[in-house]
Amino acid sequence: MTTPQDPYHTRMKRVLNYIDRHLENDLGLDTLSAVAALSKYHFHRQFRGYFGISVHRYIQLVRMKRAGQVLAFKDEAGVTETALDVGYDAPDAFARAFRKSFGQLPSAFRAAPDWEVWFASVSPLTNARSKLMKMAYSLADVTIVDVPETPVAVLQHRGNPALVGETIQKFIAWRRAAGLSAASSATYNVFHSDSDITPPDEFRLDICAATDRKIEMNEQGVEAGVLPAGRCAVLRAIGAENVEPAIEFLYRDWLPASGEALRDFPLYCQRVSIVPMVAEHEAITDIFLPLV
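Considering the overall build of the protein
Alright, step 1. Summing up its helical and strand segments, the protein has 10 helices and 8 strands in all.
Alright, step 2. Taken over the C-alpha trace, the protein has a radius of gyration of 20 Å; the compact-globule value for 292 residues is 19 Å, and the two agree within 12%.
Alright, step 3. Projecting the C-alpha coordinates of the protein onto the three principal axes gives extents of approximately 55 × 45 × 35 Å.
Alright, step 4. Residues counted as buried form 45% of the 292 residues belonging to the protein.
Alright, step 5. Restricting the contact set of the protein to residue pairs at least 6 apart, pairs at least 24 apart contribute 72%.
Alright, step 6. By element, 53% of the accessible surface of the protein is carried by carbon and sulfur atoms, the whole surface being about 14,500 Å².
Alright, step 7. Taking the average place of the 31 positive charges on the side chains of the protein and the average place of its 35 negative ones, the gap between the two points comes to 6 Å.

If you want it as structure tokens, here you go:
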């Protein structure tokens, strides 16, 4: 996988990678302009010109997004510990910044996240990152493998994609109750819809965990399912939760060049390493395009 080699692109991407890896540290203008090897007098304007958002706001959103993911999906994480991990020495300052970003105090968000507000609040960050962090894939990055039939536990998400976080929370609760950790059981998503073109009330996504156990009746609505055996084109996406660029490459570039035909099963992915167990830049996703 490659990225464009424009020198400013390279410098700005280096800054984003540095921010991702040092959320608990000082991320002032002197530090980041040095990482970019640019004058501090011009760096902040260049950053805004590239991303349409100030460097201060970008850092705040990265910290708040990471904190929200940890609070929502890791029961053992305390508010004070989370604040320290994302660079806030004072819990009260963290709480004010969090409420300003998401309209809830951290403790209230952990208990009952308002996912629609969350989704809207982090969209400027998503848009900023998409301008620079998109990978350029090559045909050589794709492999064809024979996938065995995989029994899975399935929780269906139906409706507004902004509320997927709520479904993820339910699935995590079921996994904990069932003793089926992400470390011991592969996690999959099956994409029945494209959120860019599907009306929100018709959006469909399955969240799955590999298991051959009998699925007992449960309050979350998890059911037994299967990922069918067959040939698949596989492409690995590294360092981003948004896998759409990789999916677009498979359909737009790889498939026409390959001469392959699609099987009647949706595209799906395996979440090899998952946020918040790892930071967003460390996330790994293998995308499977089913072939005849």
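Next comes the rest of the account.
Considering the side chain of Arg129
Alright, step 1. Position of Arg129 among the secondary structure elements: in helix H8 (residues 115-130).
Alright, step 2. Within the structure, the side chain of Arg129 is placed 2.9 Å from the side chain of Tyr58, a separation counted as a polar contact.

Considering the pattern of salt bridges
Alright, step 1. All told, the structure shown has 8 salt bridges when counted by the stated rule.
Alright, step 2. Measuring nitrogen to oxygen at the nearest pair gives 3.7 Å for the salt bridge that ties Asp92 to Arg96. Of this pair, Asp92 and Arg96 both sit in helix H6 (residues 91-102), 4 residues apart, which is roughly one turn of that helix.
Alright, step 3. By relative accessible area, which is 46% here, Asp92 ends up partly exposed.
Alright, step 4. Taking the relative accessible area as the measure of exposure, Arg96 reaches 51% and is therefore exposed.
Alright, step 5. Shared partners join several salt bridges into a network, and the residues in it are Glu248, Arg252 and Asp253.

Conventions and cut-offs
- Residues numbered from 1 in each chain as written.
- Predicted model: local features only at pLDDT ≥ 70, side-chain atom pairs only at ≥ 80, totals over all residues.
- Heavy atoms only, no water.
- Helix = DSSP H or I, 4+ residues; strand = E, 2+ residues; numbered from the N terminus.
- Rg over C-alpha atoms; globule rule 2.2 N^0.38 Å.
- Buried < 20%, exposed > 50% of the residue type's maximum accessible area, 1.4 Å probe, protein only.
- Contact = heavy atoms within 4.5 Å.
- Areas by Shrake-Rupley, 256 points an atom, 1.4 Å probe, with all protein chains shown as cover.
- Lys, Arg positive; Asp, Glu negative; His and termini not counted.
- Charge placed at Lys NZ, Arg CZ, Asp CG, Glu CD.
- Polar contact = N/O pair within 3.5 Å; in protein donor to acceptor, adjacent residues only side chain to side chain.
- Salt bridge = Lys/Arg side-chain N within 4 Å of Asp/Glu carboxyl O.

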